[in-house]
Structures are given as structure tokens and as C-alpha cells.
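What the coordinates show
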Amino acid sequence: ADMAFDVHATEEEDKLVLLSAVDRLGGCTEEQLLRFLVENRLMSQFQFYLALGGLKEAEFVREARHLEGTLLFLTPQGRQSVDMFVGRIRASQQEKLDVNAPVWKRRIRDELQMPAVWQETDNGFSVTLRALESGAEIFSMTLTAATKAQAKRFCSRWSEKAPFLYQTIMEQLGETTEDKDKNP
């Protein structure tokens, strides 16, 4: 009987940790939330999907389509649970959230400004790389990757390389500095 209680307690804590993470990170994709929780050893991938499934079903977390993709947000019930029960999260878990959430929040903001997605197609893997500014798309490019690994690599490197690549493309395709001087 004790064992069942322990499992139940962890499931409840996983849900609170997940809610607290969404609260701290703000709108983020499911994949970003998974990476945050797993890479910071807050839960396993299995625990994540179990907790998220339960929270979506109970309508504590909702998905919303945005220009950046499908983002997860807390519902009013979800926010209320965080406010009421966040104290039930073990200190060790709470500390991981405190230490890592601010850095990840910035990283996620950057990634959301440079969304990258891949999908399998008949002739390889299609990778769509985009840049957003003030909620508007300023750049979009679709490439074909030979392998799934390459497609994932394109996506993971995009947010870091995007500003340089975007600037280079604009310089290469856009007007030269001489043109700018002649036509103010």
C-alpha cells in the first residue's frame, strides 16, 4: 500500500513541477518544455508525457496556435493550482526550477523568434526555418535534409545562426551600401 502512495505522490509532484515550469517559462512548445524538464533532471520523458496528458485532460494546461507554433499555457485552474500547491514540490526540485528557469526562459524566447521545424517527405526531410520580429514573419526558408539527424541539426543550430545568416542573405540579395548612399 505504501508503494502505491509513493507512486501517486510522485505523479502529483510531477504535475506540480510541470505546471510550475510552464508558469516560469511562459508560453513554450511541448518539445521545449520536455527538454527543460528532462535536461534539468526534473523528470523522465515517460513522467513528462504522463503528467502532461493528465494536465491537458483536466484542463490545467491548454494549447494555443501561434505564429511561432503550438504553445502550452496554464489555464486559470492551472495557475490556481500553482499558487495553492507549489509548496508541495520538494526543495531539491524547487531549487532546480529556481536556478534553471530564468536562463531557459530567455533561450525559449530566442527560439520562438527563430522557429525551426522538420518533417519527413518523399525525398528526404523538409526543414522550415523562420525568423519573426514583433509578431510578424520577416524570413522563411525551406531546405531538404538528407537524413533525420541532419534535419534535427539544422533545427537545433538555427536560432543561434539565424541573425548572421539572415543578415548575410539581406546583404547578398539586398541593395549595396553604395546604392544606399546615392538614394537616401
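Residues numbered from 1 in each chain as written. Predicted model: local features only at pLDDT ≥ 70, side-chain atom pairs only at ≥ 80, totals over all residues. Heavy atoms only, no water.

Quick word on the pairing of strand 2 (residues 69–74)
Note the following rule: A strand pair is defined by DSSP finding two or more bridges across the two strands. What counts as a helix is a DSSP run of H or I of at least four residues, what counts as a strand is a run of E of at least two, and both are numbered from the N terminus.
Across 6 bridges, strand 1 (residues 61–66) lies against strand 2 in antiparallel orientation. In the sheet register, R62 faces strand 2, and the bridge partner there is F73. Connecting the antiparallel pair strand 1 and strand 2 is a turn made up of 2 residues.

Concerning the packing of aromatic side chains
Put simply, the rule is: Two aromatic rings from Phe, Tyr or Trp, using only the six-membered ring of Trp, form a pair when their centres are within 6.5 Å; if the ring planes differ by under 30 degrees the pair is stacked, by over 60 it is edge-to-face, and anything between is tilted. Three labels apply to residues, based on accessible area from a 1.4 Å probe with only protein chains included: buried if under 20% of the type maximum, exposed if over 50%, partly exposed otherwise in between. Placement of a charge over a ring requires the Lys NZ or Arg CZ to be within 6 Å of the ring centre, with the centre-to-atom vector within 35 degrees of the ring normal.
Evaluated as defined, the whole model comprises 5 aromatic pairs. Seen from their ring centres, F48 and Y49 are 5.0 Å apart, and the 75° between their planes marks the pair as edge-to-face. Taking relative accessible area as the criterion, F48 reaches 0% and is therefore assigned buried. Taken together, a centroid distance of 5.8 Å and an interplanar angle of 65° make the contact between W118 and F125 edge-to-face. Within the aromatic cluster, the residues linked to one another by ring pairs are F139, W158 and Y166. The ring of W104 has R107 sitting right over it, with the charged end atom 4.1 Å from the ring centre.

Considering the nonpolar core
Stated precisely, the cut-off is as follows: Remark: nonpolar core denotes a set of buried residues (Ala, Val, Leu, Ile, Met, Phe, Trp, Tyr, Cys) joined through side-chain atoms within 4.5 Å. It only takes one pair of heavy atoms within 4.5 Å for two residues to be counted as in contact.
L18, L25, L33, F36, L37, F48 and V61 are the most contacted members of the largest nonpolar core, which has 29 residues in total. When contributions to this core are tallied by element, the ones reaching two or more residues are helix 1 (2–25), helix 2 (30–39), helix 3 (45–57), strand 2 and helix 5 (91–113). No other element matches the 7 residues that helix 1 contributes to this core. With residues near it in sequence (within four places) discarded, V61 still touches L18, L19, L52, L55, K56, L72, F73, L74 and T75.

With respect to the confidence of the model for the protein chain
Inclusion rule: Each residue gets a pLDDT score, which is the predictor's confidence in that residue and runs from 0 to 100.
Taken over all residues, the pLDDT of the protein chain has a mean of 87, while the share at 70 or more is 90%. For the protein chain, helix 7 (residues 177–182) is the element with the lowest average pLDDT, namely 56, and helix 3 is the one with the highest, namely 95. Low pLDDT, under 50, characterises residues 1–7; the predicted model gives this stretch 0 contacts beyond four residues in sequence or across chains.

Focus on the sheet that holds strand 3 (residues 116–121)
To be explicit about the condition: The convention used is that axes are lines fitted to C-alpha atoms, helices contributing only their stretch in contact, and that angles between N-to-C directions extend from 0 to 180 degrees.
Read across the sheet, 3 strands follow the order 3-4-5 without closing on themselves; strand pairing throughout is antiparallel. Each end of this open sheet is capped by a strand with a single partner; those strands are strand 3 and strand 5 (136–145). Sheet twist, expressed as the mean angle between neighbouring strand axes with direction ignored, is 20°. Sheet topology note: the strand 3/strand 4 (residues 124–133) ladder contains 6 bridges and is antiparallel. If you follow A116 over to strand 4, its bridge partner there is L129.

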